Amino acid sequence: MGGGGATGVPAVRLTDVSKAFGGKSVLSGLDLVVPVGTSLVVLGKSGMGKSVLLKHVIGLLRPDSGRVEVGGVDLWAVSARERDRIRRRFGMSFQEGALFDSMTVGENISFPLRRHTRMSPAEVRDRVAECLELVRLPGTEAKRPSDLSGGMRRRVGFARAIALKPEILLFDEPTTGLDPINTDALVRVIQHLRESLRPTAITITHDLKVAFSIADRVALLESGRIRIERSPAEFESSDDTSVRSFVRGDSSLDEEAVPLEVSR
Amino acid sequence: MPFLEAVGRFVLALLEGFGRFCELLYRTLLGALRPPYDFRALLDQVVRVGVDSVPVVFLTTLFTGAVMALQTFNGFARFHAEAYVGSVVALSMLRELSPVLSGLMVTGRAGSAMAAELGTMRVTEQIDALVSLATDPVQYLFVPRVLAAIIVVPMLVVLGNAMGIGGGYLVAVKILGANPVIYVENTFQFLRMNDLWSGVIKAAFFGGLLSLIGCQRGFDTKGGAEGVGRSTTSAVVTGSLAILVSDFFLTKVLF
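Computed from a predicted model, the values in this text were never measured in an experiment.

J.: Give a description of the packing of helix H1 (residues 2-33) of chain B against helix H8 (residues 193-219) of chain B that names residues and reports values.
T.: Residues and elements named next belong to chain B. Put simply, H1 and H8 touch, their axes get as near as 11 Å, and they point 105 degrees apart. Regarding the angle of H1 to H8, the classification is roughly perpendicular. Facing Arg20, Phe21, Leu24, Leu25 and Thr28 of H1, the residues of H8 in contact are Leu209, Leu212, Ile213, Gln216 and Phe219. For the contact of H1 with H8, the per-class residue count stands at seven nonpolar, two polar and one charged.

Right, dumping it as structure tokens:
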């Protein structure tokens, strides 16, 4: 499943991307290549710019410098309409689901279909039902986002993200703030989506268990760059200090977390 | 030179705000001209901005017309010009009070609601979700709101004109004992079509202004629930000031 990088243009390539907010550098010279069909999980501590990285991939944020390419096309060298056309190849799931709260679940999922396709109302209805089936929430079309639990809202967000059958899925912290059972349910849904759709996927998380159950490749984001990128097994056994402190959850191994301790 | 620095920063912020306003105005215009045209969303906003504002505009203009009649009657009686109360009430309602007061009331009601709604969408990532679904958020969110306000505020002003004149009539005839036939004749004696149009055109302008400011404040919200509160306040304050200031220039230049 992994690899495949040599055979063609990668799905996503970030080259020397830097971004600062109000003088505070978040990404600094980040390089990342995601081959077609690979599931990459980016780990990192909270507040390290993981979401910022993901928002660059789909062009929600524009890098201060560097290139973001999707399928070999530089996102910021093309017109806004072309960029929107490229965005249709993505499905993005947001941290809290980001469902449109003025619409029902069904309307949320059918939104991209009604806007970007010429499907008949019956076809739209079928596709919505199909997407809800995939995230294991069949028959919830008429519910309001406010009536759903956090985990269900995220799954509806998944369903909306896959409605247009995207080639690339982006998951922003899919399990953060969920209880273990809901987390497990969500991981199963992601695995199921991967098996049935075979997309390229980039997932941002700080949950190792989630990472290892859905990743072909695992990367660690630190100080605005990808520190290392490995297969899950290599990542787990890596002797890199940052990786070890992250894998073990041990802050004494971390150079930045404990400023009082001088010795490393 | 902390003073000059402060002045410079203020001017820069002002220019930046104006530039942002112009950018979003441009994007709204482009979005209005390009497909897809979302008539359902437009109708929805017409109801929300227009129909829901009817009660406040109704009451505001009714009582303004009434108090106008009361005050001018008291004043005009001092030089025996009571006969002109109807004319003064009608002229000032049509040309000035109805457009400005309706504009201010719609700012408070609908401009603030737009800022709150878009602000909430911003902080809950719904606007990012729109972009990720290949939808231009300015076209999707701004265009129906701004168009609705441009269509609806003039209609509210026509209603306000009628209510203001009606309020004046009630006070003059029922309370102050003016002759009803003469009062009505007096009301329309000096009116020209231009008085009506000037108010209506102003109203369309105010509608565009208050909705664009409301949308922009919401769209540019930063920082959670507190940020939404700040955007809402700012939408009302900036919108009201913009209406009052532009009213002077519109009156001076156009009519």
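J.: Quick rundown of the pattern of salt bridges? Include the residues and the values.
T.: Residues and elements named next belong to chain B. Per the stated rule, a full pass over the model turns up 27 salt bridges over all chains. One salt bridge in this structure joins Asp220 and Arg20, with 2.7 Å as the shortest N-O distance. Of the two residues, Asp220 is situated in the loop between H8 and helix H9 (224-254) and Arg20 in helix H1; the sequence distance between them amounts to 200 residues. When its relative accessible area of 26% is taken as the criterion, Asp220 is described as partly exposed. Here Lys202 makes a salt bridge to Glu96, at a shortest N to O gap of 3.0 Å. Here Lys202 is found in helix H8, whereas its partner Glu96 is found in helix H4 (residues 85-123), with 106 residues between them in sequence.

J.: I'd like a description of the sheet that holds strand S7 (residues 168-172) of chain A, backed by residues and values.
T.: Residues and elements named next belong to chain A. With mixed pairing, six strands are arranged side by side in an open sheet as S6-S7-S8-S3-S9-S10. One side of each edge strand has no neighbouring strand; the edge strands of this open sheet are strand S6 (90-93) and strand S10 (225-230). Sheet twist, expressed as the average angle between the axes of neighbouring strands with direction ignored, equals 15 degrees. Here S6 runs beside S7; their pairing, made up of four bridges, is parallel. By the bridge assignment, Phe90 is partnered in S7 with Ile168. Contacts between helix H9 (residues 241-248) and the sheet are confined to strand S3 (39-43), strand S9 (217-222) and S10, with S9 contributing the most and set at about 105 degrees to the helix.

J.: So what's going on with the sheet that holds strand S2 (residues 24-34) of chain A? Residues and values would help.
T.: Residues and elements named next belong to chain A. Read from one edge of the open sheet, four strands run S2-S1-S4-S5, paired in antiparallel fashion. Edge positions in the sheet fall to S2 and strand S5 (73-74), since each of these pairs with one other strand and no more. Here strand S1 (residues 12-21) pairs with strand S4 (residues 65-70) via five bridges, running antiparallel. By the bridge assignment for S4, Val12 is matched with Val70. Contacting S1, S2 and S4, helix H1 (residues 50-57) runs over the sheet at an angle of about 125 degrees to S1.

J.: How would you summarise the packing of aromatic side chains if you had to cite specific residues and measurements?
T.: Overall, the coordinates contain nine aromatic pairs over all chains when judged by the stated rule. For the pair Tyr169(B) and Tyr183(B), a centre-to-centre distance of 6.0 Å together with 65 degrees between the ring planes defines the contact as edge-to-face. A residue pair is termed long-range when its members are at least 10 positions apart, and Tyr169(B) in helix H6 (residues 137-175) and Tyr183(B) in helix H7 (residues 180-189) qualify at 14 residues. The exposure class of Tyr183(B) is buried, given its relative accessible area of 6%. An aromatic cluster of at least three residues, connected via ring pairs, comprises Phe100(A), Phe111(A) and Tyr140(B). The ring of Phe100(A) has Arg160(A) lying over it, and the distance from NZ or CZ to the ring centre is 4.5 Å. Across from the ring centre of Phe219(B), 4.8 Å away, lies the NZ or CZ of Arg122(B), which sits over that ring.

J.: An account of the pairing of S3(A) is requested, with residue identities and associated values reported.
T.: Residue and element names in this part refer to chain A. The buried fraction of S3 is high, at five of five residues. As paired strands, S3 and strand S8 (residues 200-205) are joined by five bridges and run parallel to one another. Note on S8: the bridge partner recorded for Leu40 is Ile202. Taken together, the four bridges between S3 and S9 define a ladder with parallel strand orientation.

J.: Explain the nonpolar core to me, and be specific about the residues and the numbers.
T.: Ranked by internal contacts, the top residues of the largest apolar core, which has 71 residues, are Val12(A), Leu14(A), Phe90(A), Leu170(A), Ile202(A) and Phe142(B). In terms of residues, this core owes the most to one element, H6(B), which gives ten residues. Both domains that meet at this core, namely domain 1 (7-89 + 166-253) and domain 2 (98-165) of chain A, each give it at least three residues. In this view, Val12(A) contacts Leu32(A), Val33(A), Val34(A), Val57(A), Glu69(A), Phe90(A), Ile168(A) and Ile202(A); residues no more than four positions away in its chain are not counted.

J.: Talk me through the pairing of S9(A); I want residue IDs and the actual numbers.
T.: All names here are of chain A. With five of its six residues buried, S9 lies for the most part within the structure. With five bridges connecting them, S9 and S10 associate as antiparallel partners. Within S10, the position partnered with Ala219 by the bridge is Glu229. Hairpin geometry of S9 and S10 is characterised by an intervening segment of two residues between the two adjacent antiparallel strands and by a positive phi of about 50 degrees at Ser223.

J.: Tell me about the side chain of Glu125(B), and please be specific about residues and values.
T.: Here Glu125(B) is to be found in the loop between H4 and helix H5 (126-132). By relative accessible area, Glu125(B) is classed as buried at 14%. Setting aside anything within four residues of it in sequence, one finds Glu125(B) in contact with Lys55(A), Phe94(A), Gln95(A), Ala98(A) and Asp172(A).

J.: Outline the interface of chain A and chain B, listing residues and values.
T.: Contact residues are listed per partner, giving 21 residues for chain A and 17 residues for chain B. When chain A packs against chain B, the two sides together hide about 1700 Å² of surface, and 57% of this comes from carbon and sulfur. Our count for the chain A to chain B interface comes out at two salt bridges. Where Glu125(B) meets Lys55(A), a salt bridge forms, and the shortest distance between an N and an O atom there is 3.1 Å. Those elements that provide at least two residues to the side of chain A that touches chain B are helix H2 (80-87) and helix H3 (105-116) of chain A. When residues of the side of chain A that touches chain B are assigned to their parent elements, the largest contribution, four residues, is made by H3(A). Taken together, the residues that form the side of chain A that touches chain B break down as ten nonpolar, two polar and nine charged.

Criteria and thresholds
- Residues numbered from 1 in each chain as written.
- Chains lettered and ligands numbered in written order.
- Predicted model: local features only at pLDDT ≥ 70, side-chain atom pairs only at ≥ 80, totals over all residues.
- Heavy atoms only, no water.
- Axes fitted to C-alpha atoms, helices over the stretch in contact; angles between N-to-C directions.
- Helix = DSSP H or I, 4+ residues; strand = E, 2+ residues; numbered from the N terminus.
- Parallel < 35°, antiparallel > 145°, perpendicular 65-115°, else oblique.
- Contact = heavy atoms within 4.5 Å.
- Nonpolar A, V, L, I, M, F, W, Y, C, P; charged D, E, K, R; others polar.
- Salt bridge = Lys/Arg side-chain N within 4 Å of Asp/Glu carboxyl O.
- Buried < 20%, exposed > 50% of the residue type's maximum accessible area, 1.4 Å probe, protein only.
- Pairing = 2+ DSSP bridges.
- Phe/Tyr/Trp six-rings, centres within 6.5 Å; stacked < 30°, edge-to-face > 60°.
- Lys NZ or Arg CZ within 6 Å of the ring centre and 35° of its normal.
- Core = buried A, V, L, I, M, F, W, Y, C linked by side-chain atoms within 4.5 Å.
- Domains from an automatic or database assignment.
- Buried area = accessible area lost by both parts, 1.4 Å probe.

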